[in-house]
Each structure stands twice: as structure tokens, then as C-alpha cells.
Amino acid sequence: MVLTLSDSAAEKLREMLADAEEGVSALRIYTKPGGCSGFSYGMALDAVQPGDDVFALKGIQIAVEKASERLIDGAQLDFVDDLTGQGFKINNPNATTTCGCGASFRTAEDAGQPGSCD
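As the structure is a prediction and not an experimental result, all values here were calculated from the model. (Residues numbered from 1 in each chain as written. Predicted model: local features only at pLDDT ≥ 70, side-chain atom pairs only at ≥ 80, totals over all residues. Heavy atoms only, no water.)

**Concerning the overall build of the protein**
So, point 1. When you go through the protein residue by residue, the secondary structure sums to two helices and nine strands.
So, point 2. The long-range share in the protein, meaning contacts at least 24 apart out of those at least 6 apart in sequence, stands at 56%.
So, point 3. A total accessible area of about 6600 Å² is found for the protein, and carbon and sulfur atoms account for 48% of it. (Helix = DSSP H or I, 4+ residues; strand = E, 2+ residues; numbered from the N terminus. Contact = heavy atoms within 4.5 Å. Areas by Shrake-Rupley, 256 points an atom, 1.4 Å probe, with all protein chains shown as cover.)

Encoded structure:
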């Protein structure tokens with residue numbers, strides 16, 4: 001399984017998808033070069049696109065771009081709500097280095113293209 005969802009992430013995503021505009025049916029998860037560690041995570045509510053790998057987890061459709069699969073394989077998406085704030089967090093076992101904010105990473109096989117953390 002490329003990705004797993006915590007119960008709190010699934011619950012929050014169900015709420016968000018229920019409020020999403022027509023045609024939006026999935027959570028898109030992707031990575032892109034950049035960030036201070038080499039790759040940055042991205043997520044968006046979106047429609048499924050041709051060429052996406054799509055799978056269902058806890059009733060949520062997840063769309064992952066093929067190029068991102070090897071970087072997030074085995075990761076867990078969690079939703080945290082604590083004293084520091086609330087938001088989604090990706091726990092990625094492939095990440096050998098992460099930045100302080102947790103938004104960028106690199107793997108043992110791929111350093112990406114480190115840059116500024118905008």
C-alpha cells in the first residue's frame with residue numbers, strides 16, 4: 001500500500017470532501033522538487049485525472065501521481081489537532097532527512113533539489 005490514513009485524517013477528509021465543490025472526489029497527494037531538504041509534499045482536493053493511481057482508503061479516494069509513489073511508499077497521512085495547531089502530517093518512513101517544519105524531506109536514494117522553504 002502506497003499510503004495509509006489515520007482515523008483522524010479520514011474523518012477530517014470526509015468532512016472536507018462533503019463541503020468540496022462539485023466534481024471534487026479525491027485527495028491528491030504529490031511531491032515536488034524543492035524545500036530546504038530536497039522535496040516538498042503537496043495535497044489538494046481534486047478530481048481524479050487520467051494517469052493517476054487511485055485507491056480507496058477508509059472510504060476516501062486517494063490519487064497519487066506515479067512519480068511520487070516511490071518517495072511516499074509506506075507513508076501515513078495523519079491529522080493532528082493539538083496545542084501547536086492543527087493540520088495534516090505525513091509520517092514518511094522513506095525520509096532520511098526532514099526540515100524543521102516537516103514540509104520537506106529527502107530519501108536515501110534521492111536528494112531532490114534543495115532550495116528555500118517558501
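The structure having been displayed, the exposition proceeds.
**Describing the sheet that holds strand S7 (residues 85-91)**
So, point 1. Read from one edge to the other, the open sheet built from three strands follows the order S1-S6-S7, with strand pairing classed as mixed. The open sheet has two edge strands with one neighbour each: strand S1 (3-5) and S7. Geometrically, the sheet is characterised by an average inter-axis angle of 25 degrees between neighbouring strands, direction not taken into account.
So, point 2. Contacts from helix H1 (residues 7-19) reach S1, strand S6 (75-82) and S7 within the one sheet, and its direction differs from that of S6 by about 80 degrees. (Pairing = 2+ DSSP bridges. Axes fitted to C-alpha atoms, helices over the stretch in contact; angles between N-to-C directions.)

**Here's the deal with the pairing of strand S2 (residues 26-34)**
So, point 1. In this sheet, strand S3 (residues 38-46) lies alongside S2 in antiparallel orientation, the contact comprising nine bridges. Following the sheet pairing, Thr31 is matched in S3 by Tyr41.
So, point 2. Taking the residues between adjacent antiparallel strands as the criterion, S2 and S3 are bridged by three residues, where Gly35 takes a positive phi near 80 degrees.
So, point 3. As paired elements, S2 and strand S5 (residues 60-64) share four bridges and run parallel to each other.

**Comments concerning unusual backbone geometry**
So, point 1. Of note in the backbone geometry, Lys58 takes a positive phi value of approximately 50 degrees without being a glycine.
So, point 2. Here Lys58 shows up in the loop between strand S4 (53-57) and S5.
So, point 3. In this structure Lys58 comes out as partly exposed when scored by relative accessible area, which is 39%. (Buried < 20%, exposed > 50% of the residue type's maximum accessible area, 1.4 Å probe, protein only.)

**What to know about the packing of aromatic side chains**
So, point 1. Applying the stated criterion across every chain, the model contains one aromatic pair.
So, point 2. Aromatic pair Phe79 and Phe88: ring centres 5.1 Å apart, planes at 65 degrees, arrangement edge-to-face. (Phe/Tyr/Trp six-rings, centres within 6.5 Å; stacked < 30°, edge-to-face > 60°.)

**Some thoughts on the environment of Leu45**
So, point 1. Within the secondary structure, Leu45 is located in strand S3.
So, point 2. With a relative accessible area of 28%, Leu45 lands in the partly exposed category.
So, point 3. Through-space distance from the C-alpha of Leu45 to that of Ser25 is 7.2 Å; in sequence the pair is 20 residues apart.
So, point 4. Excluding its chain neighbours within four sequence positions, the residues that come into contact with Leu45 are Leu13, Met16, Leu17, Ala20, Val24, Ala26 and Leu27.

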